[in-house]
Amino acid sequence: MKTDNTQETDSIKEMETEILNNIQTCINCRMCVPMCPTYEGWITQSAFGRLAAINLHLKYGLGSIEELSRLIFSCANCRRCQERCKMLSTNVTPTDTIIKTRQLLARKAQEWGRN
Amino acid sequence: MNKSLKEVVPIPHIYIRGNILEKGNMLGVAGDKAAWAKDLNLPRNAEFTFFAGCGYQFMRYVEGMMKAAASMEKIGLGMERSIGISKVFGKIGINLPSITAKVTAAGKEDTYTIILVSAARILQKLGVDIGYMYEDEPCCGSPLYYSGFLDDYIENANKNFEVFKSLGIQRLIGLIPACTASLRDYYPKYVEGYDLEVYHFIEVVAQRLKETNIKPKLKEKLTIAYHDPCQLSRYLEIVDAPREVMASIKGLELREPDPEQCKQWSTCCGGGGLEAGSPELCERLGLRRVEELLNTGANVIVSHCPACVMQLKRSTEKMKADVNVMDLVEILDEALG
């Protein structure tokens, strides 16, 4: 039983590393902000803001998990921001990273539910 | 510190997951999945297998359910409360969403499943040898992926690959962009030995129109604005094929919105995933997109994805705009005669 738990924790750590590594490649140009169809004036309604929130939460525990969930589930997964990053030749994949964070949160909650 | 699933994933997404895992479709609607194909006599085995997906088959139910949900919101019951109520009914053996959907969809002309029939007919007219899996067609599971249930998605993908293999299927033609992207781009990452060739309907059509001498022609002239679905333009990266098809149709005039709003920069209409968790935001996105498309001066809005078509229809109705919303399949079917 214990081995199983360690394995699952490892997979969570791997996911976190993958997410954080991807966010580190962001050059903070904010070109993705006007690209986001959900942007209505608040920076957290854009890929830049969502990635910043994910980074701060995973690295320093800032912001509640419910708030983070609300931010990442308000993304339309349309990849318009990702297209902009691709054009700028950065390696950031904001939409994929946001989806990966959803998967991370769901996996964490499912694990907590089991323990 | 420890949170439950309900606190980190919006409840509608959890509900959709349950439906896919237990009932094999997003909505949990019990019904004959293959009913649309009964008059087509499609073989089970052919060079290509047509993958119909859940979207067009169940869209009329979604329309009905969204309207029911909106009226529940008006009387003070939010989406989450309505789902809670239907779960209580579920415990005593009554499938409320199925009943609501059937009642709200009853007597209404089904404009969505007819698109599947048209699509299959178009492929046949263009000489593509297609088959259909009928009731064996599984749900590709893509909502599981976007809602965060990666483990369930992987399990479902592996199970589906077994089904495809056991039926000797090698080449798929998908119609719904999200299903096609899931089958073409995500399955190979999570299924060992995945070797199916996956094409999107419009790619095949564009290719066949080039190879054959068939010239589609409309009886009446149409001026249209085309909305590139996100899943088709940015996930599958197909932007030229629909334009080639539209250019080949005589009597069709395409008006493009601003270059920053079409092709790979197409603005999202808000249909699809956002609907479940943030209906109000989704509505605002739809209205903004319709405005962009109407600025082209076109009197018909055309798209090629069930979620986009439904969302654009709803938005134009809300704006009381005098404009028709159609799927590219409907236009092509008419032009091919």
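Residues numbered from 1 in each chain as written. Chains lettered and ligands numbered in written order. Predicted model: local features only at pLDDT ≥ 70, side-chain atom pairs only at ≥ 80, totals over all residues. Heavy atoms only, no water.

(A) Here's a closer look at the sheet that holds strand β2 (residues 130-132) of chain B. All names here are of chain B. Reading across from one edge, β2-β1-β3-β4 is the order of the four strands in this open sheet, with parallel pairing throughout. Looking at which strands have only one partner, the edges of the open sheet turn out to be β2 and β4 (197-200). Adjacent strand axes in the sheet meet at a mean angle of 35° when their direction is disregarded. Contacts between helix α9 (residues 177-190) and the sheet are confined to β1 (48-51), β3 (171-174) and β4, with β4 contributing the most and set at about 155° to the helix. (Pairing = 2+ DSSP bridges. Helix = DSSP H or I, 4+ residues; strand = E, 2+ residues; numbered from the N terminus. Axes fitted to C-alpha atoms, helices over the stretch in contact; angles between N-to-C directions. Contact = heavy atoms within 4.5 Å.)

(B) Quick look at the packing of aromatic side chains. As enumerated under the stated definition, the model contains 15 aromatic pairs over all chains in all. Ring centres 5.0 Å apart and planes at 55° place the aromatic pair Y132 of chain B and Y134 of chain B in the tilted group. We classify Y132 of chain B as buried; its relative accessible area is 0%. Ring centres of Y145 of chain B and Y146 of chain B lie 5.4 Å apart, and the angle between their planes is 85°; this geometry places the pair in the edge-to-face category. Three or more aromatic residues link up through ring pairs in this structure, and these residues are Y145, Y146, Y153, F161, Y186, Y187, Y190, Y194 and Y235 of chain B. Sitting over the face of the ring of W265 of chain B, R84 of chain A holds its NZ or CZ atom 4.5 Å from the ring centroid. Over the face of the ring belonging to Y112 of chain B we find K313 of chain B, whose NZ or CZ atom lies 4.9 Å from the ring centre. (Phe/Tyr/Trp six-rings, centres within 6.5 Å; stacked < 30°, edge-to-face > 60°. Buried < 20%, exposed > 50% of the residue type's maximum accessible area, 1.4 Å probe, protein only. Lys NZ or Arg CZ within 6 Å of the ring centre and 35° of its normal.)

(C) Main features of empty space enclosed by the protein. All names here are of chain A. In total, this model carries four cavities of 30 Å³ or more according to the counting rule given. For the second largest cavity, the calculated volume is near 110 Å³. Among the secondary structure elements, those contributing two or more residues to the lining of the second largest cavity are α2 (47-60) and α4 (80-87). (1 Å grid on protein atoms, 1.4 Å probe; cavity = no way out; pocket = protein on both sides within 12 Å on 5 of 7 lines; lining within 4 Å. Points joined across faces, edges and corners; volume = space filled by probe spheres on them.)

(D) Local environment of the pairing of strand β8 (residues 324-327) of chain B. All names here are of chain B. Inspection of the sheet shows strand β7 (residues 300-303) paired to β8 by four bridges, in the parallel sense. Among the inter-strand pairings, V302 is bridged to a residue of β8, identified as M326. For the handedness criterion, the β-α-β arrangement of β7, helix α15 (residues 306-319) and β8 is classed as right-handed. (Right-handed = clockwise from strand over helix to strand, strands pointing away.)

(E) A look at the side chain of N156 of chain B. As for its placement among the helices and strands, N156 of chain B is situated in helix α8 (residues 150-166). Those residues in contact with N156 of chain B that sit more than four places away from it in its chain are C139, C140, G141, L144 and Y187 of chain B.

(F) Looking closely at the interface of chain A and chain B. Counting residues at the interface gives 30 residues for chain A, matched by 36 residues for chain B. In total, about 3,100 Å² of surface goes out of reach between chain A and chain B, with carbon and sulfur atoms giving 55% of it. Together, F73, R80 and W112 of chain A form the three largest contributors to the area buried by chain A at its contact with chain B, with a combined 20%. In this structure, the connection of chain A to chain B is made through six salt bridges. Across the pair D151 of chain B and R107 of chain A runs a salt bridge, and its minimum N-O distance is 2.4 Å. Counting the contacts that link chain A with chain B gives 13 residue pairs in polar contact (both at pLDDT 80 or more). Of all the secondary structure elements, the ones that give two or more residues to the side of chain A that touches chain B are α3 (65-72), α4 and α5 (94-114) of chain A. No other element matches α5 of chain A, which puts 10 residues into the side of chain A that touches chain B. (Buried area = accessible area lost by both parts, 1.4 Å probe. Salt bridge = Lys/Arg side-chain N within 4 Å of Asp/Glu carboxyl O. Polar contact = N/O pair within 3.5 Å; in protein donor to acceptor, adjacent residues only side chain to side chain.)

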